[in-house]
Amino acid sequence: MTDNPYAAIKIHGFRMLLVARLLVTIATQAQGVAVGWQIYALTKDPLFLGFIGLAEVVPSIGIALYAGHLADVIERRKIALFSIGSFMICLILLGISSAFMTIKELLIGSIFFVIALTGLARGFYGPAVFGMLADAVPERLYGNATAWNTAIWQISAIAGPVLGGFGYVFCGAPFTYLACALL
């Protein structure tokens, strides 16, 4: 344990991990809000909001054990980068389909398909990133690093939905998804 509250932040690799987690969490939270609003605008049925969660959680939980095993045997950074790249591709697909698909049923189906792919990416992302904390800081700084990690997550969990809501209302779904992909 250390008395310096900034001890973990002084480690370059940990700072980069925090920045990545901040941006990815903001993007995924904003995506969730935008998808919810878009699906509701298309269907006017609140039940479809539950189906969105189901479409993401089933693949994520289904792959979790295998993803955890991979995070233990493959370099976690590679898995995290692959997952982030997959998130980005999914967001680009959401943006393009939202901008150009004119058949409502086809658009709804494509959104659910892409959300399922996002769930697969999330299933790999979680185990890889949570294990990276231990790789980024020495054991004596775990408490300090965990505090910073939690604070960054809280900030992004609040900022993401706010940005997603404003982006969806003022700029539309395609812009919001593409902005999230840039994050």
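The shown structure was predicted, so the numbers you read here are calculated from the model rather than taken from an experiment.

**Quick word on the nonpolar core**
Working step 1: Core analysis: the largest hydrophobic core is formed by 25 residues, its most contacted members being F14, L17, I79, F124, V129, V137 and A145.
Working step 2: The element contributing the most residues to this core is helix α4 (residues 104-136), with eight residues.
Working step 3: Excluding its chain neighbours within four sequence positions, the residues that come into contact with L17 are V129, M132, L133 and A136.
Working step 4: Of all hydrophobic cores here, the second largest spans 22 residues; its members include A27, V35, I108 and A173.

**Let's talk about the packing of aromatic side chains**
Working step 1: If you walk through the whole model with that rule in mind, you get six aromatic pairs.
Working step 2: Relative to F124, the ring of Y66 has its centre 6.4 Å away and its plane inclined at 85 degrees; by these criteria the two rings are edge-to-face. Separated by 58 residues along the polypeptide, Y66 in helix α2 (residues 47-73) and F124 in helix α4 bring together distant segments of the chain.
Working step 3: For F124, a relative accessible area of 16% translates into the label buried.
Working step 4: Members of the aromatic cluster, connected to one another through ring pairs, are F48, F51 and F112.

**Some details on a nonpolar patch on the surface**
Working step 1: Together, L47, F51, L54, V57, V58 and I61 make up an exposed nonpolar region whose accessible area comes to about 550 Å².
Working step 2: Mapped onto the elements, L47 comes out in helix α2.
Working step 3: On the basis of relative accessible area, L47 is assigned to the exposed category, the value being 51%.

**Let's talk about the environment of G167**
Working step 1: Positionally, G167 belongs in helix α5 (residues 142-171).
Working step 2: Distance in space between the C-alpha atoms of G167 and A147 is 30 Å, their sequence separation being 20 residues.
Working step 3: Setting aside residues no more than four positions away along its own chain, G167 makes contact with G172 and T176.

**What to know about the packing of helix α1 (residues 12-43) against α4**
Between two packed helices, both the angle of their axes relative to each other and the distance between the axes serve to describe the pair.
Working step 1: Interhelical geometry of α1 versus α4 gives an angle of 160 degrees and a closest axis separation of 11 Å. When the axis of α1 is compared with that of α4, the two are roughly antiparallel. Where α1 crosses over α4, the handedness of that crossing is left-handed.
Working step 2: Residues belonging to the contact of α1 with α4 are distributed by class as follows: 17 nonpolar, six polar and three charged.

Procedures and definitions
Residues numbered from 1 in each chain as written. Predicted model: local features only at pLDDT ≥ 70, side-chain atom pairs only at ≥ 80, totals over all residues. Heavy atoms only, no water. Core = buried A, V, L, I, M, F, W, Y, C linked by side-chain atoms within 4.5 Å. Buried < 20%, exposed > 50% of the residue type's maximum accessible area, 1.4 Å probe, protein only. Helix = DSSP H or I, 4+ residues; strand = E, 2+ residues; numbered from the N terminus. Contact = heavy atoms within 4.5 Å. Phe/Tyr/Trp six-rings, centres within 6.5 Å; stacked < 30°, edge-to-face > 60°. Patch = residues over 30% accessible without salt bridge, like charges linked within 9 Å, V, L, I, M, F, W, Y side chains within 5 Å. Areas by Shrake-Rupley, 256 points an atom, 1.4 Å probe, with all protein chains shown as cover. Salt bridge = Lys/Arg side-chain N within 4 Å of Asp/Glu carboxyl O. Axes fitted to C-alpha atoms, helices over the stretch in contact; angles between N-to-C directions. Parallel < 35°, antiparallel > 145°, perpendicular 65-115°, else oblique. Left-handed = near helix turned anticlockwise from the far one by under 90°. Nonpolar A, V, L, I, M, F, W, Y, C, P; charged D, E, K, R; others polar.

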